[in-house]
Amino acid sequence: MGLTSETTVYVMVALAAVCVALLVWLWPRFARRGWRQVLARLVAVGTTQVVIIAAFACWLNSSYQFFGSWGELFGRVETAPVGVTQAGGPGVGTGSDVAVRGALVQPAGDEQLRRVSGLPAGPAAVTGRVESVKVIGRRTGVVDPAFVYLPPQYFQKAYQRQRFPVIVALSGYPGSIFNLAQHLRVSQTAGELQRSGRMQPTVMVMIRPTIAPPRDTECVNVPGGPQTETFLAKDLPEALKSAYRVGHDASAWGVMGYSSGGSCALQLTMRDPHVYTTAAALSPDYKVKDDPTTGDLFGSGPGRADRINGHDLMWRLKHLPAPQVSVLVAESKHGERGYPQTQAFIKAVKAPMRVASILPEHGSHNFPTWVQEMPPALEWMSRQLTFPQDVVPRHRKKAAGGAGRPEAGHGSVRADGTEPTPTATTRR
């Protein structure tokens, strides 16, 4: 039985019910005096409580897909096949199926994908398509599952020589790609916006930054440990470029996320502006810190302080040149704890970096809030990304609509995704 299967949930619920029934039935025998009876009562109550909690945890994990398998739950992570160094095969860059086995992007099982509601149905050239794949890191050896949404234009003849912009969507911890597809509705929202003309055709890649579950690596290259930043900033773009017609220039690449995934989006854009030039962060943190889920992220020795400072975005804004990137941050004024930090971050941004914000009056650190923020965030990101880009570099066309890098400044994003110009200012 798979960890996320309904059978596992039903079995655990049935086992919990049996334990409760046995506890009630046998309690009179345990009610006598004596150390054996006391011990029996403790064991019976403790066992019943553990089984009930386990049943609830299985149901919760089945609903939100925090861990996709028993191996992930116990920290056994799949590793890349030996000898995989580059992509190949007839499917690469053709707009048909993903690359063949042995490439950096490989087909994966669709068990989770089948449980997602609202996915495109019909001819790909009309509705688009979502593919379930696994991405193999050539440098890191990481194998990470992903969903890839390809817009209808990707399959249309008129666009067959175009490279498409990419938005990488990152889940929080210990979230999964199922959460991005089902609860955040990344591909569904992008599809609706693109059909209505509010967003340009864009490839959406849903992936989790938790590459070494159950450890939370916060998108950090851990000394002697998981190299999450390398995977997301080098391996992932290389793999996607090898398998799909996506932009080769950084101006076509954006990254977004919620909670710790939003923190990762900001970290990647500010630390790797040659890879990602646009980020949208929903309820992020602005500094990476060790906690019980992360372990020691920065190692020891003389370089520890530099590594800690390098992942403190406020420190970077104060002590390092601002990168030429555009970022959007979203935080509720009432209901979320990070609003003061978000305001401080907005004020600290300086040219040539740009920052926009979504600051609703009320909201919580949960999916209903993030789902509400998704449409304006995606519309804003779409205006920052270059499209189209020609497949053949020497024939690259001039980017259309929103391709240029706007003047540095600040702005808020309305609910309809527009930026009111009166609030925009330039910081020097």
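Look up a bit, the structure's there.
A quick note: this is a predicted structure, and the numbers were derived from the prediction, not measured.

Q: Even after reading the chapter, I still don't get the packing of aromatic side chains, so can you show me in this structure?
A: Both the distance between ring centres and the angle between the ring planes are used here to describe each pair of aromatic rings. Under the counting rule described, the total for this entry stands at ten aromatic pairs. Note on Tyr159 and Phe387: the rings are 6.3 Å apart at their centroids and 20° apart in plane angle, and the pair reads as stacked. Residue Tyr159 is located in the loop between strand S3 (143–150) and strand S4 (162–163), and its partner Phe387 is located in the loop between helix H13 (367–384) and strand S11 (389–390); the two are separated by 228 residues in the primary sequence. We classify Tyr159 as partly exposed; its relative accessible area is 26%. Here Phe387 falls in the buried class, since its relative accessible area comes to 8%. Through pairs of rings, three or more aromatic residues link up here, namely Tyr154, Phe155, Tyr159, Phe164 and Phe387. The side chain of Arg115 reaches across the aromatic face of Phe178, ending 5.5 Å from its centre. Above the ring of Tyr154, the side-chain terminus of Arg245 is found at 4.3 Å from the ring centroid.

Q: Looking at this model, I keep getting lost on the nonpolar core. Mind explaining?
A: A general trend in soluble globular proteins is that nonpolar side chains are found buried together. In terms of nonpolar packing, the biggest core is built from 53 residues, with Val168, Tyr244, Phe345 and Met353 touching the most fellow members. The residues contacting Phe345, other than those within four sequence positions of it, are Met270, Tyr286, Leu313, Met314, Leu317, Val327, Val329, Met353 and Val355. Counting residues in each nonpolar core, the second largest holds 34 residues, with Leu282, Leu328, Met374 and Leu378 among its members.

Q: Would you mind going over the pairing of strand S10 (residues 354–358) with me for this structure?
A: In regular strands, side chains alternate between the two faces of the sheet. Most of S10 sits inside the fold, with five of its five residues counted as buried. Residues Arg354, Ala356 and Ile358 point to one face of S10 and Val355 and Ser357 to the other, with burial holding for every one of them. For strand S9 (residues 326–330) and S10, the ladder comprises five bridges, and the chain directions are parallel. Bridging from a neighbouring strand, Ser326 pairs with Arg354 of S10.

Rules of the game
Residues numbered from 1 in each chain as written. Predicted model: local features only at pLDDT ≥ 70, side-chain atom pairs only at ≥ 80, totals over all residues. Heavy atoms only, no water. Phe/Tyr/Trp six-rings, centres within 6.5 Å; stacked < 30°, edge-to-face > 60°. Helix = DSSP H or I, 4+ residues; strand = E, 2+ residues; numbered from the N terminus. Buried < 20%, exposed > 50% of the residue type's maximum accessible area, 1.4 Å probe, protein only. Lys NZ or Arg CZ within 6 Å of the ring centre and 35° of its normal. Core = buried A, V, L, I, M, F, W, Y, C linked by side-chain atoms within 4.5 Å. Contact = heavy atoms within 4.5 Å. Pairing = 2+ DSSP bridges.

Note that all results are geometric; they support no functional claim without further evidence.
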